[in-house]
Amino acid sequence: MMSKYVLFSLRSKVFSIFLSTVAAIMLLSNFLYYVTNKQLLMTKLSDYNQFLNSRLNGEVNQTSLAQNDLDTAVNDKLKSAAITLEYALPPRVDEVTNQSLVALAKKLDVTGFSLFQVHDGYADVVKSSDPTEAGQHFKLISGSEWVTAFLEISEDKPVDVQKGTSSLHFWIGPWAKDKVNPSQVDKYGYYFDGSTDYVIDPFEAQQQTSTELSANKMVEDLMASDKSILSIAGINPLTFDKAPKITESTNGSSYVDLSDQGVAFGQYRFADARDASAVQRAFRDKTTVTLTAIQNHQKVIKTFVYQSGDTYNSTPYVTEIVTDYRAIQNVLQQELNNSIRVSLFVMFAVLILSYLCSGYIVQPLQRLTRQVEQIAHENFDVPVDVHRSDEIGDLAKSVNTLRENLLESLHRTAQDERSSSMRYLGMMAASLIHELRTPAVTIQYLFDLIHRCGIEDEKSKEALNRMESSATHLIGTIDSFSSYIKNGKLDLAYVNMLEIIQETIEVYRPTAQHAGVNLCFVGPESRAIWVHVDAEKFRMVLLNLLRNGVESMQDAKEKRLTVGLQFVNSTIVMDITDQGPGIPKEKWTDIFMPFRSDKQCGLGLGLSLSALIVLSHGGNIYVADSTADGTTIRVTLPGS
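Below is a short write-up of the structure. None of the values given here were measured: they were computed from a predicted structure.

Parameters and conventions
- Residues numbered from 1 in each chain as written.
- Predicted model: local features only at pLDDT ≥ 70, side-chain atom pairs only at ≥ 80, totals over all residues.
- Heavy atoms only, no water.
- Helix = DSSP H or I, 4+ residues; strand = E, 2+ residues; numbered from the N terminus.
- Buried < 20%, exposed > 50% of the residue type's maximum accessible area, 1.4 Å probe, protein only.
- Contact = heavy atoms within 4.5 Å.
- Pairing = 2+ DSSP bridges.
- Phe/Tyr/Trp six-rings, centres within 6.5 Å; stacked < 30°, edge-to-face > 60°.
- Axes fitted to C-alpha atoms, helices over the stretch in contact; angles between N-to-C directions.
- Salt bridge = Lys/Arg side-chain N within 4 Å of Asp/Glu carboxyl O.
- Core = buried A, V, L, I, M, F, W, Y, C linked by side-chain atoms within 4.5 Å.
- Left-handed = near helix turned anticlockwise from the far one by under 90°.
- Nonpolar A, V, L, I, M, F, W, Y, C, P; charged D, E, K, R; others polar.
- Patch = residues over 30% accessible without salt bridge, like charges linked within 9 Å, V, L, I, M, F, W, Y side chains within 5 Å.
- Areas by Shrake-Rupley, 256 points an atom, 1.4 Å probe, with all protein chains shown as cover.

Scanning the chain from terminus to terminus reveals 11 helices and 22 strands. The buried share of the chain, taken over its 640 residues, is 41%. Taking the contacts inside the chain whose residues are at least 6 apart along the sequence as the reference set, 63% of them involve residues at least 24 apart.

This part takes up the pairing of strand β19 (residues 560–568). Inspection of the sheet shows strand β17 (residues 518–522) paired to β19 by five bridges, in the parallel sense. Within β19, the residue paired with Cys-520 across the bridge is Thr-562.

Let's shift gears to the packing of aromatic side chains. Counted by the stated rule, this structure contains six aromatic pairs. Aromatic ring contacts, followed pair by pair, group Phe-116, Phe-150, Trp-171 and Tyr-190 into a single cluster.

Moving on: helix α11 (residues 606–616). For α11, the buried fraction is high: nine of the 11 residues fall into the buried class. Here α11 has its buried residues at Leu-607, Ser-608, Leu-609, Ser-610, Ala-611, Leu-612, Ile-613, Val-614 and Ser-616. Just downstream of α11 lies Gly-618, where phi reads positive at about 80°.

On to the sheet that holds strand β14 (residues 298–306), then. One open sheet holds the five strands; their spatial order is β12-β9-β15-β14-β13, and the pairing between them is antiparallel. If you trace the sheet from one side to the other, it starts and ends with β12 (263–266) and β13 (288–295), each paired once. Each adjacent strand pair in this sheet contributes to an overall mean axis angle of 25°, direction not counted. Where β13 lies against β14, eight bridges are found, and the strand directions are antiparallel. Counted as the bridge partner of Val-289 is Phe-304 from β14. Across the sheet, helix α5 (residues 275–285) lies against β9 (229–235), β13, β14 and β15 (318–324), angled at about 30° from β14, the strand it touches most. Running at roughly 45° to β15, helix α6 (residues 326–376) makes contact with β14 and β15 of the sheet.

The next thing to look at is the sheet that holds β17. Ordered by their spatial adjacency, five strands build an open sheet running β17-β19-β20-β22-β21, and the pairing between neighbours is mixed. Two strands in the sheet have a free side with no partner beyond their single neighbour: β17 and β21 (620–627). Averaged over all pairs of adjacent strands, the angle between strand axes in this sheet comes to 15°, irrespective of strand direction. Where strand β20 (residues 571–577) meets strand β22 (residues 630–638), seven bridges bridge the pair, whose relative direction is antiparallel. Bridged to Ile-572 within β22 is Leu-637.

Turning next to the side chain of Ser-228. Take Ser-228: it is sitting in the loop between α4 (210–225) and β9. With a relative accessible area of 18%, Ser-228 lands in the buried category.

A separate point is the pattern of salt bridges. Opposite charge on two side chains permits pairing when their charged atoms draw close. Here the structure, examined in full by the defined rule, presents 13 salt bridges. One connected set of salt bridges, linked through shared partners, spans Asp-275, Lys-302 and Glu-320.

Here we take up unusual backbone geometry. The phi dihedral of Asp-156 is positive, around 55°, even though this residue is not glycine. The backbone of Lys-286 sits at a positive phi, close to 55°, despite the residue not being glycine. As for its position among the elements, Lys-286 is in the loop between α5 and β13. A residue is classified by how much of its surface remains accessible, and Lys-286, at 56% relative accessible area, is exposed.

Another point: the environment of Thr-239. Inspection of the secondary structure puts Thr-239 in the loop between β9 and β10 (247–248). Given the relative accessible area of 17%, Thr-239 is considered buried. Remark: the alpha-carbon pair of Thr-239 and Val-263, spanning 24 residues in sequence, is separated by 8.6 Å.

Within the largest apolar cluster, 42 residues are counted, with the highest numbers of intra-cluster contacts made by Ile-501, Val-563, Leu-565 and Met-574. Here Ile-501 is in contact with Phe-521, Leu-542, Val-563, Leu-565 and Met-574, once residues within four sequence places are set aside.

Remark: helix α10 (residues 535–552) packs on α11, axes separated minimally by 9 Å, with the N-to-C direction vectors making an angle of 145°. Between α10 and α11 lies a crossing of left-handed hand. Packed against α10, whose contacting residues are Lys-537, Met-540, Val-541, Asn-544, Leu-545 and Asn-548, the element α11 presents Gly-606, Leu-607, Leu-609, Ser-610, Ile-613 and Val-614 at the interface. Grouping the amino acids of the contact of α10 with α11 by side-chain chemistry returns seven nonpolar, four polar and one charged.

Side chains of Phe-348, Leu-351, Ile-352, Tyr-355 and Leu-356 sit close together on the surface and give an oily, nonpolar patch of about 490 Å² of accessible area. Relative to the elements of secondary structure, Phe-348 occurs in helix α6.

A word on helix α3 (residues 145–154). Of all 10 residues that make up α3, seven are buried, and the element is covered over most of its length. Along α3, the residues classified as buried are Trp-146, Val-147, Ala-149, Phe-150, Glu-152, Ile-153 and Ser-154.

The analysis is restricted to geometry; functional conclusions fall outside its scope.
In structure tokens form, the structure reads like this:
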């Protein structure tokens, strides 16, 4: 039972603390698991994207090698075609026709030829196999490598530019967008050895370079094989974050040349303000950069991978791979759900375990609390039964030791107080008895003398008899009180309590049978129960209790008097139970006081004398129970 002063029991506190601690640990564990797993998935995604980039780069490298071989072959073909054209055509441009150029281009298996002349800072296409080229007028602006190469060739000088490939009298540039038709990619060459009045421009055209075509095809294949990939783009870090360099075509349209494009291949769909810095960081540090962004109401993961040592159109590049964030979120959600399920199962198990553990911890403490409450109410009969090898077990032993020490101290104090009281009472009573006995005996002697002398008057005889009876009663009272005082002195010895009870019962059995009472004993039959008592005085206690029990059942229908004996936790407990009318509860204590008796004849010293003897032994005597069906008097003694 929980005390009215306790708002929350110790068990509820232990249970709550244990459960709350485990719940906090589980929440923290799930949070750390989520964060760690998210980071792990991001790392795996970055590694996967690097793997995709390596595949893409491998394809680009293979194609670049093929493109280089193709470029070499095209360069050689265009140079050979230019030389052949020089020998096949007249040296003066006025004698050359466009139809002859078309025929020779077809014969030499090139896309076409154009013939240039320089006039007043302009390059004029005088003749061409391409009708769109013929008649074009280009201003020679200094600073362009194409213009520099053209001027140096037209002046029959060695070509000194970064781009393209030069040889004697010939220079050919990289693939570039056609200035007349920017949707077309051309490779131009310039040949001039001074034997003609024109510069020969052989050219080869195609829609895309093989490298660009291969890269775009690879991007399409990768995106088709993995639906979580939203886009892949090859980014030129030298031009990506700069304003595009616009080139004007001869037909008035503008375009960005291949070498000036920020996105070399693929699709750049998910633009973000941080992309430029991410590209520069990946390019500068030669590392992989990953960031998340929300574009078009969609959360994505962008990975920028630097391609070390590889080139695309002679330019280093950074691959941007954009992945749908749901690819990670779905895995995280699934694993989080699994983790929550496991956590709920663990919490349920912890709930049961914490309840059991709190009971294991608290129940012994509750027993200790109840025992201490019993000690506080002066009930020392039952010790704490806690078998533990921890601090609670030590506490239980300490409480039991405290109980035994208190009980021993109380017994010792009671005995000391009784001894002091009995010595003082004995001294006073001895003086009083001495003073009373002498005149009482003298009065008794005088009554005997008067009887011997004889008295004839009847009234005098009656009065004399009453006086004699009172004197006799006075002497009996003096003798009884003298016996009461005398019994406070003990002659202690170790005896078997079982033998004392059984012998006393057998002595009193005839008297009980004469009164119609069934006297029986309930207890061990053979076990010796040793106790340190005055055997004769304790027989007097038991006889007195048996006599009171028999006398209380004079009018009972069933007459049964039971003597019970048991040994409980080093304490001897003896119960004498009758089937009399019972004792009112308010008199349970008074019956052990001297001169308190409801009997017509009796001084009320029997139970008080028994109480004196029991208390003198360090024991206790009290009414354990009393109803209309009978009364139980309990005697307790410390065992040996």
